[in-house]
Structure formats: structure tokens, C-alpha cells
Amino acid sequence: MKETEAREEICRVGRSLFERGYVHATAGNISVRLDDGFLITPTDACLGFLDPTRLARLDAQGQQTGGDRASKTIALHTRIYAAARRFDAGTACVIHTHSTHCVALTLNAPSDELLPALTPYFVMKVGHVPLIPYHRPGAPDAAELVAQTIERFGAAGTPIRAVMLERLGPNVWHETPAAAMAVLEELEETAKLQLLAGAARPEPLRNEQIDELRRTFGARW
């Protein structure tokens with residue numbers, strides 16, 4: 001994706017997420033990996049009102065070369081790119097939000113993954129979502145743990161496209177901003193289903209059903 005196109009697409013996706021309630025206030029950020037560096041939304045920017053000319057521009061070493069001051073999460077994003085591209089070479093966009101239903105699930109998380117295999121499209125389009133224990137926003141230890149988690153799942157043959165930062169929100173990644181947004185949408189809607197089910201706690205898909213999704217659609221679970 002050319003830089004001009006990437007700038008416009010970051011702003012389009014940010015506005016769409018904001019207008020539909022997937023992000024609020026100045027929470028969340030979006031980055032794109034370019035051939036010679038990165039673009040990322042500025043610190044404390046509202047994703048609904050981004051200016052493509054003011055996005056932060058960084059070189060391949062992560063040093064800022066233009067735009068408004070980069071979000072502090074650029075360190076986490078660059079670690080995600082480095083780890084995820086070993087298993088999905090086309091990874092070129094990371095989106096982080098504080099999506100309400102995802103965060104709500106972490107307040108009383110019963111396991112080390114955010115969600116079980118509830119729906120076929122969650123299994124097909126999202127896959128496993130490891131839960132990363134709470135660290136303050138921007139903590140280097142969190143970035144290291146995320147990178148290690150990506151490596152661990154990838155090495156096991158189940159590469160992931162999302163992690164969930166406890167009490168903060170999801171990070172998702174894919175080849176384009178639009179594709180990453182679709183992962184985020186499916187993740188947040190599945191979290192909503194889990195919360196709507198309440199104490200009933202629906203049974204996840206059976207192993208044979210997941211195997212069928214793998215064979216038919218290349219599901220990531």
C-alpha cells in the first residue's frame with residue numbers, strides 16, 4: 001500500500017470505528033507498516049477526526065520523522081509486526097481499541113484466553129485471542145509478553161491475529177486497515193454474545209466442528 005493511500009485508509013477506518021462506537025474519546029490507535037517505516041495515529045488523537053497529513057511518520061528504526069507526536073504504543077506495534085510477520089508475512093496494519101465488551105470480559109476473566117470457540121466466524125476470522133495480564137499503558141514488559149505470545153502460538157501451528165490486554169483492550173492485525181477492522185468487529189461482537197449469554201455460558205463448538213472449519217475454510221483455531 002502506498003503511503004498516500006495508507007494515510008487516507010487509516011483515517012477512513014478510524015472514522016468508521018468511532019462513528020459505530022468501537023472506539024471513544026481519544027482511546028485507540030492505528031498503525032500501518034510501510035516499505036521504509038511506519039505511520040501511526042498521534043498521541044491522544046480521536047480516531048473519528050484524524051487528519052491524514054498529521055499522522056505520525058516513523059522510519060524503519062522507529063524514529064519519528066514527521067507529523068504530530070506518535071502514540072506511545074508504537075513500541076508495541078513494532079514488536080507485533082516483527083513477531084507476526086514470521087507467520088503472516090503480509091501483516092501490515094495493527095489496530096488497538098478499548099472496545100467495551102472485550103474489556104468487560106477481562107474484568108472477571110476465567111482463563112488465559114478471552115473467548116472460547118463460540119461461533120464459526122469467530123473461529124474462521126479471528127482465532128485464539130490470548131489474554132495478556134494487566135500492565136500500565138505503554139509498558140515495555142507488555143510489548144515483550146505480546147511478542148512472546150505471538151511466537152508461542154505461531155510455533156504451535158496456530159498463528160494468531162489478536163491479543164487482549166487485560167483492562168485495556170484488544171490489539172488486532174492483518175494485511176490492511178480494512179481487514180484488521182473486520183477482525184476487530186468480529187472479536188467485539190463475539191464478546192458481546194458472550195456477555196449477553198450471561199450465566200448460561202454457552203458451550204463452545206466441538207472439536208469435530210472446528211476441524212471441519214479448518215478443512216473447509218482454513219480456520220485459524
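These numbers were taken from a predicted model, which means no experiment stands behind them. (Residues numbered from 1 in each chain as written. Predicted model: local features only at pLDDT ≥ 70, side-chain atom pairs only at ≥ 80, totals over all residues. Heavy atoms only, no water.)

Caption draft 1: Region of interest: the environment of M1. Note on placement: M1 falls in the segment before α1 (3-19). Since its relative accessible area comes to 46%, M1 is described here as partly exposed. Sequence separation of M1 and D35 is 34 residues, and the distance between their C-alpha atoms is 8.8 Å. (Helix = DSSP H or I, 4+ residues; strand = E, 2+ residues; numbered from the N terminus. Buried < 20%, exposed > 50% of the residue type's maximum accessible area, 1.4 Å probe, protein only.)

Caption draft 2: Local environment of the packing of helix α2 (residues 74-84) against helix α5 (residues 140-155). At a minimum axis distance of 9 Å, the contact between α2 and α5 shows a crossing angle of 15°. One finds that α2 runs roughly parallel with respect to α5. Relative to α5, the crossing made by α2 is right-handed. Together, L76, R79, I80, A83 and A84 of α2 and A143, E144, V146, A147, I150 and E151 of α5 make up the contact between the two elements. Classifying every residue of the contact of α2 with α5 by side-chain character gives eight nonpolar, no polar and three charged. (Axes fitted to C-alpha atoms, helices over the stretch in contact; angles between N-to-C directions. Parallel < 35°, antiparallel > 145°, perpendicular 65-115°, else oblique. Left-handed = near helix turned anticlockwise from the far one by under 90°. Contact = heavy atoms within 4.5 Å. Nonpolar A, V, L, I, M, F, W, Y, C, P; charged D, E, K, R; others polar.)

Purely geometric numbers; function is a separate question.
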